[in-house]
Each structure stands twice: as C-alpha cells, then as structure tokens.
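Each chain, written out:
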Amino acid sequence: MSRASMKDHAFKPDMKEGLYRAIHSRRDIRSQFLPDPIPEEVLARLLLAAHHAPSVGYSQPWDFLMIRDLKTRQAVHTAFLKATEDAAQKFPKEKSDQYRTFKLEGIREAPLNICVTYDHSRSGPVVIGRTAVPVMGPYSCVCAVQNLWLAARAEGLGLGWVSIVYNRDLSAALDLPDHIEPIAYLCIGYVSGFPPEPELETAGWLPRVPLTEIVHDGRFGISCAGNWPELHQALLKEQKGIYSFPNKK
Ligand SMILES: Cc1cc2nc3c(=O)[nH]c(=O)nc-3n(C[C@H](O)[C@H](O)[C@H](O)COP(=O)(O)O)c2cc1C
C-alpha cells in the first residue's frame, strides 16, 4: 500500500481534533453536576458507544444498570461513606487529613447513576482470548466504560467513577444476581464546567507522570533518549503541547 492511500484511512483534521479534544478534556466529575435530566436519545447514543467497545472473543460481557431512584442511590452513598472512612484510615495522618477534604463522588447530585457490570456467563464458559487470563472479561467492560466516558464528554456530559464502595455492598444495594459482578459505578449529568486538569493534580495530591518516564525502549527502565532519540524528542514536544490539539478548553 502506498503512503498516500495509508493516510486516506486517517480522519480529517477536524474529526481528529474532536477525538483528541474529547480525550484531553474528559474529566472525572464529582462536584459540578447540574440536576437537569439527560434526554433519552443522548443516553441511547452513549450506551451504543459503550456497546461498541472491544471485548475479548466478542463476548460483550457488559450490562448497564440505569439507576434513577434516590433510595437506591442513598444506599450506595451509605456504602460509600463506610468504605471511604476505611480508606481514610489507611493513609498516613497528613495524607488522611487531605483525603478527607476531597469530594470523591456525586451519587446523589447527579441526575443519573449507571452501574456497568460483568456477566461471568455471557457467551459460554470458554471465550476466545480469555482462556489464559480470565480478567480479560472485566477488562472488556472497562473498555465499554471508557467509550461511555468519552462519548459523554463529547455530548457535554460529565461522568464520575465511584470505586470506593465494597463490591458486596454494591451488589446488595443493586440486588445483583450472583453471576453479575459490578465493574464501574458511574455518576453522570450535565455540569457547570469541566476542570482544566485532574482535580487531584490541582490539589497537589499527585502530578501527571512525564510521558518520557513511562515509555521504555524494549526493556523496562531503558529510556528512548539513548537509542530512539526521534521518539524521545517527539514525546517531549507532544508533552509540551507543541503538536497537541488544545487540551485546556
Ligand atoms: C478505575 C477508576 C476508579 C476511580 N474511582 C474514583 C473514586 O472512587 N472517586 C473519585 O473521585 N474519582 C475516582 N476516579 C477518578 C480518578 O481519580 C481520576 O480519573 C484521576 O484523578 C484523573 O483525573 P481525570 O479523570 O479528571 O483526568 C477513578 C478513576 C478510575 C479510572
């Protein structure tokens, strides 16, 4: 195939920009939810995007539990409070104090919660690609979550993943059958704004790890700076936003 026809498969610049903008301006949302309802046709687009995620052996092991009623959400929130108190006690004192200042969920404020689940029985006991590493099943569900998250951003919707709830509490609150495992508990809704960077970064909890530190040349710990300087320079430039689409809008 010639170079020109290879490039024909690339998106046009504005379509590429849309994709990268969704990726770079997506945020985990907990504090900025507005109560406005989400139109059903928008929800349908998001769910279809999630359903088109890659899945191991095309098993499509996900389900989407749409949680509107406040009573169920209150039960999940109570479970969150228990788990977050346990979590606070695991950090050293200074970090624990800071942890307690964070708002780490929007369960009751968001107009809708969605639980993405994994069905252990979907498409039979032997699945192509899942035989050596069974956790590929749940990984597939996480791919669906990411599709949902990016599509939500493109639709102007914020989404927050709440993982500080024990699975047994979540399963009880949602009355899940035994073969259904909760993968992601998500809060979703329109927002007053998208923070320009991760809130944990703004709060000084952790910085973004430099891209050049996590890209290795062939073996762990071998930087590209030595034997692949072209890639190393490209990573440095990309990181500084020289080539990037604007990610602070
Ligand atoms: C698997 C997973 C679980 C998470 N759980 C929580 C959570 O319980 N509460 C929370 O506030 N954020 C949670 N987050 C959001 C992360 O804190 C967030 O993605 C990270 O700080 C980077 O920020 P950004 O998503 O805005 O870029 C979770 C994210 C992932 C991928």
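The sections below set out a description of the structure shown in this document. Keep in mind the model is a prediction, meaning the values are calculated, not measured. (Residues numbered from 1 in each chain as written. Predicted model: local features only at pLDDT ≥ 70, side-chain atom pairs only at ≥ 80, totals over all residues. Heavy atoms only, no water.)

1. A word on the site of the ligand
Inference 1: Surveying the vicinity of the ligand reveals the residues R26, R27, D28, R30, L104, W161, V162, S163, I164, P198 and L200.
Inference 2: The contact in question runs from an oxygen atom of the ligand to an N or O atom on the side chain of R27, over 2.8 Å.
Inference 3: W161 has a polar backbone atom sitting 3.2 Å from a nitrogen atom of the ligand.
Inference 4: Compared with its free state, where it exposes 620 Å², the ligand has 73% of that area covered by protein.
Inference 5: Residues that form the shell around the ligand fall into these classes: six nonpolar, one polar and four charged. (Near = heavy atom within 4 Å. Polar contact = N/O pair within 3.5 Å; in protein donor to acceptor, adjacent residues only side chain to side chain. Areas by Shrake-Rupley, 256 points an atom, 1.4 Å probe, with all protein chains shown as cover. Nonpolar A, V, L, I, M, F, W, Y, C, P; charged D, E, K, R; others polar.)

2. Remarks on the packing of aromatic side chains
Inference 1: Taken as a whole, this structure holds four aromatic pairs when the rule is applied.
Inference 2: Aromatic side chains F91 and Y99 sit 5.1 Å apart centroid to centroid with 35° between the ring planes, which places their arrangement in the tilted category.
Inference 3: Given a relative accessible area of 32%, F91 falls into the partly exposed group.
Inference 4: A relative accessible area of 8% places Y99 in the buried class.
Inference 5: On the numbers, 6.2 Å between centres and 50° between planes, the contact of W149 with W161 is tilted. In this pair, W149 sits in helix α6 (residues 136-154) while W161 sits in strand β3 (residues 157-162), placing the two residues twelve residues apart along the sequence.
Inference 6: On the basis of relative accessibility, which here comes to 11%, the residue W149 falls in the buried class.
Inference 7: The partly exposed category is assigned to W161, whose relative accessible area is 25%.
Inference 8: Members of the aromatic cluster, each reached through a chain of ring pairs, are F91, Y99, F102 and W205.
Inference 9: Of note, R26 hangs over the ring of W149, and the distance from its end group to the ring centre comes to 4.5 Å.
Inference 10: Cation over ring: R168 sits above Y166, and NZ or CZ is 5.0 Å from the ring centre. (Phe/Tyr/Trp six-rings, centres within 6.5 Å; stacked < 30°, edge-to-face > 60°. Buried < 20%, exposed > 50% of the residue type's maximum accessible area, 1.4 Å probe, protein only. Helix = DSSP H or I, 4+ residues; strand = E, 2+ residues; numbered from the N terminus. Lys NZ or Arg CZ within 6 Å of the ring centre and 35° of its normal.)

3. Here's the deal with the pattern of salt bridges
Inference 1: Applying the stated criterion across every chain yields a total of eleven salt bridges.
Inference 2: Across the pair R122 and D63 runs a salt bridge whose closest N-O atoms are separated by 2.5 Å. Taken together, the residues R122 in the loop between β2 (112-119) and α6 and D63 in strand β1 (residues 62-67) connect sequence positions 59 residues apart.
Inference 3: In this structure R122 comes out as partly exposed when scored by relative accessible area, which is 25%.
Inference 4: In this structure, K103 engages E105 in a salt bridge whose closest nitrogen and oxygen atoms are separated by 3.6 Å.
Inference 5: Assessed through its relative accessible area of 8%, E105 is described here as buried. (Salt bridge = Lys/Arg side-chain N within 4 Å of Asp/Glu carboxyl O.)

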